[in-house]
Every structure is written in structure tokens, then in C-alpha cells.
Amino acid sequence: MNKKRARPPWGEYFMRIAQLVATRSTCLRRQVGAVLVCGKRILATGYNGAPSGMAHCLDIGCIRDQLKIPSGTRAEICRAIHAEQNTIICALYGVPTGGSTIYVTHQPCTICSKILIGAGIKRIVYLKPYPDKFAQDLLKEAGVKLEKWHFPEK
């Protein structure tokens, strides 16, 4: 007899993959993972870490910690490419991003929000909040849906 097993709904599936992707992060402060999806197809994944071929903070330390830069400020002083940015890099390989959804473990910052808007992302589903009101305002103005994810109760 074939017992039917429970399959996660699509949103939960994509968010759990984003959480797994985050485990590849080399950031010492915040491990972020992202999954770019169109329909029910994964286009790309990304995590935060130094650009290819460069030393990771995991190996050499965090410049933000060394300079005592508070979280949520001066994002430009960081070795890492954010997870959202790493997913959008897929466009360099000919993957269209317009009209897609991104599942991300943390709400995007202002810089990532602008990049996602420019890439034509229409929906952002995030797990953990990030205190960036300006990013939220930009996304609203651009008509990008910003949704807080809640895992279903078991």
C-alpha cells in the first residue's frame, strides 16, 4: 500500500531552500540566503559573501567589526555581495529576472531593494525583518509586493 506523504507548499519549499542556501554564507554578522523564482521554477540562488576569488570575512575577519560600524549602516563598507545581489547576477548568464519572485531569509536593504526593482522583481518574500524604512518606501513606490513569511503551524 502506498502511503501518501505530505509535500510542502511551494512557498514553504522555496523559503526552506533559502534557509539552506544561507548556510553557505561567509559573513560573520548575518547569514542570508535567497532564491529567485519564476512560477514554480528556481532561476538562481545566492548567499552573502565576498566576490569570487576574494578572501572571505570568515577567513580574514570582518572589516565592519574592525571599524566598529553598527549593523544597518554604511552598507558600502563590506566585502560581501548580498544574497539578493548574487541571485540577480544570474542575468549575466542570460537568465531573465523580470516578473519573478525572490524568497530571502532577511528583508532587503535599500541597495538590494533598488537592484531588485531595477531587475524587474515583482514580489519579495522575506523571513526576518530588517530596519530599513526607506527600502520599504522604495519598494512600495515601485509596486513591488513585500511580504513577511510565516511558516505554517504543524
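Please refer to the structure higher up on the page.
None of these values were measured; they are calculated from a predicted model.

Calculation criteria
- Residues numbered from 1 in each chain as written.
- Predicted model: local features only at pLDDT ≥ 70, side-chain atom pairs only at ≥ 80, totals over all residues.
- Heavy atoms only, no water.
- Buried < 20%, exposed > 50% of the residue type's maximum accessible area, 1.4 Å probe, protein only.
- Helix = DSSP H or I, 4+ residues; strand = E, 2+ residues; numbered from the N terminus.
- Arc of directions from axis to C-beta.
- Contact = heavy atoms within 4.5 Å.
- Phe/Tyr/Trp six-rings, centres within 6.5 Å; stacked < 30°, edge-to-face > 60°.
- Lys NZ or Arg CZ within 6 Å of the ring centre and 35° of its normal.
- Lys, Arg positive; Asp, Glu negative; His and termini not counted.
- Salt bridge = Lys/Arg side-chain N within 4 Å of Asp/Glu carboxyl O.
- Polar contact = N/O pair within 3.5 Å; in protein donor to acceptor, adjacent residues only side chain to side chain.
- Pairing = 2+ DSSP bridges.
- Axes fitted to C-alpha atoms, helices over the stretch in contact; angles between N-to-C directions.
- Parallel < 35°, antiparallel > 145°, perpendicular 65-115°, else oblique.
- Left-handed = near helix turned anticlockwise from the far one by under 90°.
- Nonpolar A, V, L, I, M, F, W, Y, C, P; charged D, E, K, R; others polar.

**Student:** What's the story with helix H5 (residues 110–118) in this structure? I'm lost.
**Tutor:** Since the α-helix advances by 3.6 residues per turn, residues separated by three or four positions end up pointing in the same direction. Taken residue by residue, H5 has Thr110, Cys112, Ser113 and Leu116 as its buried positions. All buried residues of H5 project into a common sector of 160 degrees when viewed along the axis, lining one side. Buried residues belonging to H5 abut helix H4 (83–88), strand E3 (101–106), strand E4 (123–128) and helix H6 (133–142). At the exit of H5 stands Gly120, carrying a positive phi of roughly 85 degrees.

**Student:** What should I look at first to understand the packing of aromatic side chains in this one?
**Tutor:** Given two aromatic rings, their pairing is described by the distance between the two centres and the angle made by the two planes. One pass over the structure, following the stated rule, counts 5 aromatic pairs. Pairing Trp149 with Phe151 gives two aromatic rings, centres 5.9 Å apart and planes at 85 degrees, and the pair type is edge-to-face. On the accessibility criterion, Trp149 (17% relative accessible area) is buried. Linked through ring pairs, Trp10, Tyr13, Phe14 and Tyr103 together constitute an aromatic cluster. The aromatic ring of Phe151 is capped on one face by Arg16, whose charged end is 4.2 Å from the ring centroid.

**Student:** Honestly, the side chain of Asp132 in this entry has me stumped. Any pointers?
**Tutor:** You can see Asp132 is positioned in the loop between E4 and H6. The side chain of Asp132 is buried and forms no salt bridge, while Lys114, the nearest opposite charge, is found at 9.2 Å. A polar atom in the side chain of Asp132 sits 2.8 Å from the side chain of Thr110. From its side chain, Asp132 meets the backbone nitrogen of Ala135 in a polar contact 3.0 Å long. Each residue touching Asp132, except ones within four places of it in the same chain, is listed here: Gln107, Cys109 and Thr110.

**Student:** For this particular structure, what's the right way to read the pairing of strand E1 (residues 33–38)?
**Tutor:** Consecutive side chains along a regular strand alternate between the two faces of the sheet. Within E1, 5 of the 6 residues are buried, leaving the element largely enclosed by the surrounding structure. What sits between the antiparallel neighbours E1 and strand E2 (residues 41–47) is a turn of 2 residues, in which Gly39 has the positive phi angle 65 degrees.

**Student:** Looking at this model, I keep getting lost on the packing of H5 against H6. Mind explaining?
**Tutor:** Helix packing for two helices is described by the angle between their axes and how far apart those axes are. At a closest axis distance of 8 Å, the pairing of H5 and H6 adopts a crossing angle of 15 degrees. One finds that H5 runs roughly parallel with respect to H6. The interaxial crossing formed by H5 with H6 has right-handed handedness. The residues of H6 that touch H5, namely those facing Thr110, Ser113, Lys114 and Ile117, are Phe134, Ala135, Leu138, Leu139 and Ala142. Per-class residue counts for the contact of H5 with H6 are 6 nonpolar, 2 polar and 1 charged.

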